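Results of the structural survey
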Amino acid sequence: MIYHGNRIKIKEGVTPEELEIALESLRNQGRVIPSVKSFVVGPDFGGEFDWGAVFVIEDLDGYWEYLTHPAHSNTDRVGLPLVEKFHSFDITDDPDPEIGAKIAELHRRRYANDAELTKLVADLPEYTGSSAPESAG
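Residues numbered from 1 in each chain as written. Predicted model: local features only at pLDDT ≥ 70, side-chain atom pairs only at ≥ 80, totals over all residues. Heavy atoms only, no water.

1. Describing empty space enclosed by the protein
To keep it simple, the criterion reads: Cavities and pockets were defined on a 1 Å grid built from protein atoms only: a cavity is a group of points that admits a 1.4 Å probe but offers it no way out, a pocket is an open group of points flanked by protein on both sides within 12 Å along at least five of seven lines, and a lining residue is one with an atom within 4 Å of any such point. Grid points are joined across faces, edges and corners, and a volume is the space filled by probe spheres set on the points. Numbering of helices and strands runs from the N terminus; a helix is a DSSP stretch of H or I covering at least four residues, while a strand is a stretch of E covering at least two.
Scanning all chains against the criterion turns up 1 cavity of 30 Å³ or more. A volume near 320 Å³ is recorded for the largest cavity. Along its surface, the largest cavity is lined by 27 residues, and Leu 26, Thr 75, Asp 76, Leu 80 and Phe 86 are the ones closest to its centre. Of all the elements in the fold, those that place two or more residues in the lining of the largest cavity are strand E1 (2-10), helix H1 (16-32), helix H2 (60-68), helix H3 (70-79), strand E4 (83-92), helix H4 (99-112) and helix H5 (115-122).

2. Concerning the nonpolar core
In plain terms, the rule: Throughout this description, the term nonpolar core refers to a set of buried Ala, Val, Leu, Ile, Met, Phe, Trp, Tyr and Cys residues connected via side-chain atoms within 4.5 Å. For every residue, the accessible area (1.4 Å probe, protein chains only) is compared with the maximum for its type, and the residue is labelled buried under 20%, exposed over 50%, or partly exposed between those bounds. The contact criterion used throughout is that any non-hydrogen atoms of two residues lie within 4.5 Å.
Formed by 27 residues in total, the largest nonpolar core has its most connected members in Leu 26, Phe 55, Tyr 63, Tyr 66 and Phe 86. Contributing elements (two or more residues each) for this core: E1, H1, strand E2 (36-43), strand E3 (51-57), H2, E4, H4 and H5. Of all the elements, H4 adds the most residues to this core, at 4 residues. Other than its neighbours up to four places away in sequence, Tyr 63 contacts Ile 2, His 4, Ile 57, Asp 90, Ile 103, Leu 106 and His 107.

3. A short note on the pairing of E1
Test applied: Pairing between two strands is assigned when DSSP locates at least 2 bridges connecting them.
As judged from the 7 bridges shared by E1 and E3, these two strands associate in the antiparallel manner. Bridge assignment links Arg 7 to a residue of E3, and that residue is Gly 52. With 9 bridges connecting them, E1 and E4 associate as antiparallel partners. The residue of E4 that forms the bridge with Gly 5 is Phe 89.

4. Side note on the packing of aromatic side chains
To keep things clear, this is the line we draw: When the centres of two rings from Phe, Tyr and Trp lie within 6.5 Å, Trp using its six-membered ring, the rings pair. Their planes under 30 degrees apart give stacked, over 60 give edge-to-face, and anything left gives tilted. To sit over a ring, a charge needs its Lys NZ or Arg CZ within 6 Å of the ring centre and within 35 degrees of the ring normal.
Across all of its chains, the model carries 4 aromatic pairs by this definition. For the pair Phe 39 and Phe 55, a centre-to-centre distance of 6.2 Å together with 15 degrees between the ring planes defines the contact as stacked. Taken together, the residues Phe 39 in strand E2 and Phe 55 in strand E3 connect sequence positions 16 residues apart. Here Phe 55 falls in the buried class, since its relative accessible area comes to 0%. One aromatic cluster is present, built from ring pairs that chain together Phe 39, Phe 55, Tyr 63 and Tyr 66. The ring of Trp 64 has Arg 109 sitting right over it, with the charged end atom 3.9 Å from the ring centre.

5. Some words on the pattern of salt bridges
Condition: Put simply, a salt bridge is a Lys or Arg side-chain nitrogen that is within 4 Å of an Asp or Glu carboxyl oxygen.
Counted under the stated rule, the structure contains 13 salt bridges. One salt bridge in this structure joins Glu 48 and Lys 85, with 2.0 Å as the shortest N-O distance. Residue Glu 48 is found in the loop between E2 and E3, and its partner Lys 85 is found in strand E4; the two are separated by 37 residues along the sequence. Classification of Glu 48 as partly exposed rests on a relative accessible area of 46%.

6. What to know about the UniProt feature "domain: Stress-response A/B barrel" (unreviewed entry) in the chain
Keep this limit in mind: UniProt positions are given in the numbering used here, feature names are shortened, and annotations may be inferred rather than shown by experiment.
In the numbering adopted here, UniProt assigns the feature "domain: Stress-response A/B barrel" (unreviewed entry) to residues 2-91. Across residues 2-91, helical content stands at 40% and strand content at 37%; the span's end C-alpha atoms are separated by 6 Å.

And the structure:
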């Protein structure tokens, strides 16, 4: 299993309505992307982030489906402009010693095929994690 997580700090000045649209889009990812087996979206406690999300995915094929699904693309486009700081991470019980590199390669392929997304991420004030394109983070 792969647990893909995001921790998010929202920019000052974002309205409650804008924030709710972005959070609902995150929740929608969990509901409509077939490869997502479980998910949580909610406040992030115990650190410098405001919100977090975790999506549980069985394997790399499912991860690719998650990354390229239109629901995920929608969240990027409505949510990333609201973000001050973003951290993504993956936790897995897969014994493959190359799993981290394989996950990073999926993200690299996604960015290579989506210049608009790459610009949205590159324009973030701070973005860290294995999924950040080379021009960000």
